[in-house]
Amino acid sequence: MILVSIGTIVHGVYYNFEQLLDDRYFSLPTLLIIFGSVIFFIAFFGCCGAVRENYCMILTFATLMMVVLVLEMFVGVYAYVLRSEASEVITDKMRGTMKLYQNNTEMHRVWDMVQSQFKCCGTSGASDWLPVLHQDGVALPPIASSEYSIDVESATESSSSSSYVPLSCCSLPSGTIGFTECRANSSNLYRAGCLPVVADFVSEHALQLGGFGCGVALFQLFGIWFSIYLARSIKETYVNM
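Predicted model only: the values in this text are computed from it and were never measured.

What counts and how
- Residues numbered from 1 in each chain as written.
- Predicted model: local features only at pLDDT ≥ 70, side-chain atom pairs only at ≥ 80, totals over all residues.
- Heavy atoms only, no water.
- Phe/Tyr/Trp six-rings, centres within 6.5 Å; stacked < 30°, edge-to-face > 60°.
- Helix = DSSP H or I, 4+ residues; strand = E, 2+ residues; numbered from the N terminus.
- Buried < 20%, exposed > 50% of the residue type's maximum accessible area, 1.4 Å probe, protein only.
- Lys NZ or Arg CZ within 6 Å of the ring centre and 35° of its normal.
- Salt bridge = Lys/Arg side-chain N within 4 Å of Asp/Glu carboxyl O.
- 1 Å grid on protein atoms, 1.4 Å probe; cavity = no way out; pocket = protein on both sides within 12 Å on 5 of 7 lines; lining within 4 Å.
- Points joined across faces, edges and corners; volume = space filled by probe spheres on them.
- Nonpolar A, V, L, I, M, F, W, Y, C, P; charged D, E, K, R; others polar.
- Disulfide = S-S within 2.5 Å.
- Core = buried A, V, L, I, M, F, W, Y, C linked by side-chain atoms within 4.5 Å.
- Expected span 1.5 Å × (residues − 1).
- Patch = residues over 30% accessible without salt bridge, like charges linked within 9 Å, V, L, I, M, F, W, Y side chains within 5 Å.
- Areas by Shrake-Rupley, 256 points an atom, 1.4 Å probe, with all protein chains shown as cover.
- pLDDT = per-residue confidence, 0-100.

Chemist: Before we go on, may I ask you to explain the packing of aromatic side chains in this structure?
Modeler: Given two aromatic rings, their pairing is described by the distance between the two centres and the angle made by the two planes. According to the stated counting rule, one finds six aromatic pairs in the structure shown. Measuring from centroid to centroid gives 5.3 Å for W111 and W129, while their planes differ by 80°, and the two rings are edge-to-face. Taken as a pair, W111 in helix 4 (residues 105–118) and W129 in the loop between helix 4 and helix 5 (130–133) lie far apart in primary sequence, 18 residues in all. For W111, a relative accessible area of 0% corresponds to the buried category. One aromatic cluster in this structure is built from Y101, W111 and W129. For the cation-ring pair, R183 lies above Y164, with the distance from its terminal atom to the ring centre recorded as 4.3 Å.

Okay, here's the thing in structure tokens:
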């Protein structure tokens, strides 16, 4: 059940960044949930074999646990591989989704959440937003965040300098009303890019998944050894009778 719990938690964490991650990152927690469920039924099978002192059932239990053990070790190695690729994968996803910020509500929400939560701006910095939000050298109106109120008409009139970035790129007091803007040269701008912090966040959870998988695998190794020992004892008992 530990694997199921850990897999469910990490899957929930990754879900918030679904648009910025490759599908492979969701396969890891899903596999842990599946392995945890399978182990639960296999363990029940092994308990029945131990209670009945059934040699075949216990040996089958040990065999199935060895198969799951090998798969868990594979998941652990796979997690380390994905961890090393996180930065490259997220970079491509970020640059692609930034272009959809203006016209896609979901991308708007995700980027506002990421920038507000991690206190960052753009992929590498605020300058990443300038070619996205300013077409043909003409500044578009500031992007309104769901957390803030904005006077779009006033913003459009004052948009002569093409340096507007999403409001979530700036540290604004909660409940700000009226005309609000965030520029690439604002004093309250988040200077750091989102790539390093998001990549570290995703890599850390991938590492935890791999660590838990390997840790449980070692514990299962002891269980496999004990079940084989028990099966041999039962077999010898029947032979000597």
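Chemist: Help me understand the pattern of salt bridges, please; the structure alone is not making it clear to me.
Modeler: Between side chains of opposite charge, a pair can form as their charged atoms come close. Inspection of the entire model under this criterion finds one salt bridge. With its nearest N and O atoms 2.6 Å apart, the salt bridge here joins R109 to E106. Of this pair, R109 and E106 both sit in helix 4, three residues apart, roughly one helical turn.

Chemist: Sorry, what's going on with the layout of surface pockets here?
Modeler: Over the atoms, a rolling probe the size of a water molecule traces out where space has been left empty. Estimates place the volume of the largest pocket at around 540 Å³. Those elements that provide at least two residues to the lining of the largest pocket are helix 1 (2–15), helix 2 (24–52), helix 3 (55–98) and helix 7 (194–240). With nine residues, the top contributor of residues to the lining of the largest pocket is helix 7. Its residues assigned to classes, the lining of the largest pocket comprises 16 nonpolar, six polar and no charged.

Chemist: Where do I start with the state of the cysteines in this structure?
Modeler: The term disulfide refers to a covalent linkage connecting the sulfur atoms of a pair of cysteines. Tallied over the full model, the rule gives three disulfides. The disulfide partner of C121 is C169, and the gap between their sulfur atoms is 2.1 Å. Because the torsion about its S-S bond is 85°, the bridge between C121 and C169 counts as right-handed. Placement of the pair is C121 in the loop between helix 4 and helix 5 and C169 in the loop between helix 6 (152–157) and helix 7, with a sequence separation of 48 residues. Here the two residues C121 and C169 agree in accessibility, since each one is buried. Covalently, C170 is tied to C182 through a disulfide, its sulfur atoms 1.9 Å apart. Between C170 and C182, the disulfide has an S-S torsion of 80° and is therefore right-handed. Residue C170 is located in the loop between helix 6 and helix 7, and its partner C182 is located in the loop between helix 6 and helix 7; the two are separated by twelve residues in the primary sequence. Taking the relative accessible area as the measure of exposure, C182 reaches 0% and is therefore buried. Counting only the cysteines that form disulfides, in the order they appear in the protein, gives the pairing 1-6, 2-3, 4-5.

Chemist: Explain the nonpolar core here, please?
Modeler: When a protein is soluble and globular, its nonpolar side chains tend to lie buried together. One finds I90, V114 and W129 to be the most contacted residues of the largest nonpolar core, which totals 57 residues. Sorting the residues of this core by element identifies helix 1, helix 2, helix 3, helix 4, helix 5 and helix 7 as the ones contributing at least two each. It is helix 3 that provides the largest number of residues to this core, a total of twelve residues.

Chemist: Can you help me understand helix 2 in this one?
Modeler: Since the α-helix turns once every 3.6 residues, residues separated by three or four places project in the same direction. Here helix 2 is 29 residues long and its end C-alpha atoms lie 42 Å apart, about the 42 Å a rise of 1.5 Å per residue gives. Along helix 2, the residues that are buried comprise Y25, F26, L28, P29, L32, F35, G36, I39, I42, G46 and G49.

Chemist: Just to check I follow, could you spell out a nonpolar patch on the surface for this structure?
Modeler: Taken together, the side chains of F222, W225, F226 and Y229 present a nonpolar region at the surface, about 520 Å² in accessible area. Its place among the elements puts W225 in helix 7. Assessed through its relative accessible area of 54%, W225 is described here as exposed.

Chemist: Help me understand unusual backbone geometry, please; the structure alone is not making it clear to me.
Modeler: The residue K119 is not glycine, and still its phi comes out positive at about 55°. Topologically, K119 is positioned in the loop between helix 4 and helix 5.

Chemist: What's the story with the confidence of the model for the protein in this structure? I'm lost.
Modeler: As a general rule, the predicted coordinates of low-pLDDT regions are not to be interpreted in detail. Averaged over the protein, the pLDDT score is 76; the fraction of residues at 70 or greater is 82%. Per-element averaging of pLDDT across the protein places helix 6 at the bottom with 40 and helix 4 at the top with 90.

Chemist: Would you take a moment to explain the environment of F40 for this structure?
Modeler: Along the polypeptide, F40 turns up in helix 2. In the structure, F40 is positioned 36 residues away from V4 in sequence and 9.8 Å away in space, judged by C-alpha atoms.

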